[in-house]
Amino acid sequence: LGIDVGSTASKCIVLKDGKEIVAKSLIDVGAGTSGPQRAIEAVLNEAGMKKEDMAYTLATGYGRTSLMDGIADKQMSELSCHAKGATFLFPNVHTVIDIGGQDVKVLHIDNGAMTNFQMNDKCAAGTGRFLDVMARVLNVPIEQLGPLSETSEHPATISNTCTVFAESEVISQLSAKVPLADIAAGIHNSVAKRVAGMALRLGRPGCMAMSGGVALNTGVVRAMEREMGCPILVDPLCQSAGAIGAAVLAYEKLSKSKE
Ligand code: ADP
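Residues numbered from 1 in each chain as written. Predicted model: local features only at pLDDT ≥ 70, side-chain atom pairs only at ≥ 80, totals over all residues. Heavy atoms only, no water.

Structural notes on unusual backbone geometry
Working step 1: Positive phi values are uncommon outside glycine, yet Asp17 reaches one of about 50°.
Working step 2: Position of Asp17 among the secondary structure elements: in the loop between strand E2 (10-16) and strand E3 (20-27).
Working step 3: For Asn139, which is not a glycine, the phi torsion comes out positive at approximately 60°.
Working step 4: Tracing the sequence through the fold places Asn139 in the loop between helix H3 (128-138) and helix H4 (142-149). (Helix = DSSP H or I, 4+ residues; strand = E, 2+ residues; numbered from the N terminus.)

Set out below in structure tokens:
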């Protein structure tokens, strides 16, 4: 069992023999809430199994330590788990950009092992939090922000990357009657510029993928492709990449302990 206790969502994956995903769950509240417990119950329910049936449980994510009192056998950093999870989803991946609720990570991977990384966890700019705040100001559900932005013909310019200032900028564009689609496209371009700058500081990407919940936002993915100048792979399980990696690492720990 792999559990990712994120800042915004709790994700679980049950993996069989290190290869086959037999059950998954996602509860959209994270660390410091009942989310992790509910995600565990949901995944066990889906698998038709009990916690005792899990050979090894590994926790990752912002709130992972909360599971070390009897739930998880081990905890590991998000970077290790995201690198593993991305390699599970995209075996030939070289660069992974993970945008979660509270941080942005850029990982370089060589043959499944992480070789370099950049992380921004000091500021909400460029994260899911930034997008969630903007979606609320626009009064658009977060899952519709991507499709809405793709109808834009004249993306607005959002010049502030700071969430607080960008929020005021969006409010003044709304009162100037700028179309919602153009503001949404401007928001995505601003996130993409910031994250692409971070990714390019680490070097030109080879085969590139996005993970984390923000990879579900097609507007951000398309804007990132334009900024990076290359196609970006996304899997429907992108938000669970950390939990998948945790489950793969749980399998590897177990196999080692049996050697
Ligand atoms: P964490 O691991 O920090 O909890 P996640 O990787 O789960 O973060 O990503 C959470 C973010 O994903 C949210 O802040 C939100 O912006 C974005 N997100 C989640 N679901 C969707 C969706 N269906 N469409 C667009 N964005 C989404």
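Read on for the rest.
Section: the sheet that holds strand E9 (residues 208-211)
Working step 1: Sheet architecture is open: 4 strands sit in the order E8-E7-E6-E9, paired in mixed fashion. For this open sheet the edge positions go to strand E8 (113-120) and E9, each flanked by a neighbour on one side alone. Averaged over neighbouring strand pairs, the angle between their axes works out to 20° when direction is ignored.
Working step 2: Here 4 bridges tie strand E6 (residues 95-99) to E9, and the two strands are oriented parallel to one another. In the sheet register, Thr95 faces E9, and the bridge partner there is Met208.
Working step 3: Taken strand by strand, helix H2 (residues 78-89) contacts E6, strand E7 (104-110), E8 and E9, and its axis lies near 60° from that of E7. (Pairing = 2+ DSSP bridges. Axes fitted to C-alpha atoms, helices over the stretch in contact; angles between N-to-C directions. Contact = heavy atoms within 4.5 Å.)

Quick notes on the site of the ligand
Working step 1: With respect to spatial proximity, 18 residues lie near the ligand, and among them Thr8, Lys11, Gly101, Asp132 and Gln239 are the closest.
Working step 2: Between Thr8 and the ligand, the recorded distance is 2.8 Å, taken from a backbone N or O atom to an oxygen atom.
Working step 3: Contacts to the ligand include Gly213, whose backbone N or O atom sits 2.9 Å from an oxygen atom.
Working step 4: Contributing elements (two or more residues each) for the shell around the ligand: H3 and H4. (Near = heavy atom within 4 Å. Polar contact = N/O pair within 3.5 Å; in protein donor to acceptor, adjacent residues only side chain to side chain.)

What to know about the side chain of Ser10
Working step 1: With respect to the element layout, Ser10 can be found in strand E2.
Working step 2: Reaching out from Ser10, the side chain makes a polar contact with the backbone oxygen of Val29 at a distance of 2.7 Å.
Working step 3: In this structure, Ser10 is in contact with Asp4, Ser25, Leu26, Ile27, Val29, Gly30, Gly35, Pro36 and Ala39, ignoring residues within four places of it in sequence.

Looking at the packing of H2 against helix H8 (residues 241-258)
Working step 1: Between H2 and H8, the least distance of the axes is 7 Å, while the angle of their chain directions is 95°. Regarding the angle of H2 to H8, the classification is roughly perpendicular. Here Ser80, Cys81, His82, Lys84, Gly85, Phe88 and Leu89 of H2 lie close against H8, whose contacting residues are Ala241, Gly242, Ile244, Gly245, Ala246, Val248, Leu249 and Glu252.
Working step 2: In terms of residue class, the contact of H2 with H8 is built from 8 nonpolar, 5 polar and 2 charged. (Parallel < 35°, antiparallel > 145°, perpendicular 65-115°, else oblique. Nonpolar A, V, L, I, M, F, W, Y, C, P; charged D, E, K, R; others polar.)

Focus on the pairing of strand E1 (residues 2-5)
Working step 1: Where burial is concerned, the two faces of E1 agree: the one with Gly2 and Asp4 and the one with Ile3 and Val5 are both buried.
Working step 2: Pairing of E1 with E2 involves 4 bridges; the strand directions are antiparallel. When the bridges of E2 are listed, Gly2 appears paired with Ile13.
Working step 3: Taking the residues between adjacent antiparallel strands as the criterion, E1 and E2 are bridged by 4 residues.
Working step 4: Where E1 meets strand E4 (residues 58-60), 3 bridges bridge the pair, whose relative direction is parallel. Within E4, the position partnered with Gly2 by the bridge is Leu58. (Buried < 20%, exposed > 50% of the residue type's maximum accessible area, 1.4 Å probe, protein only.)

Note that all results are geometric; they support no functional claim without further evidence.
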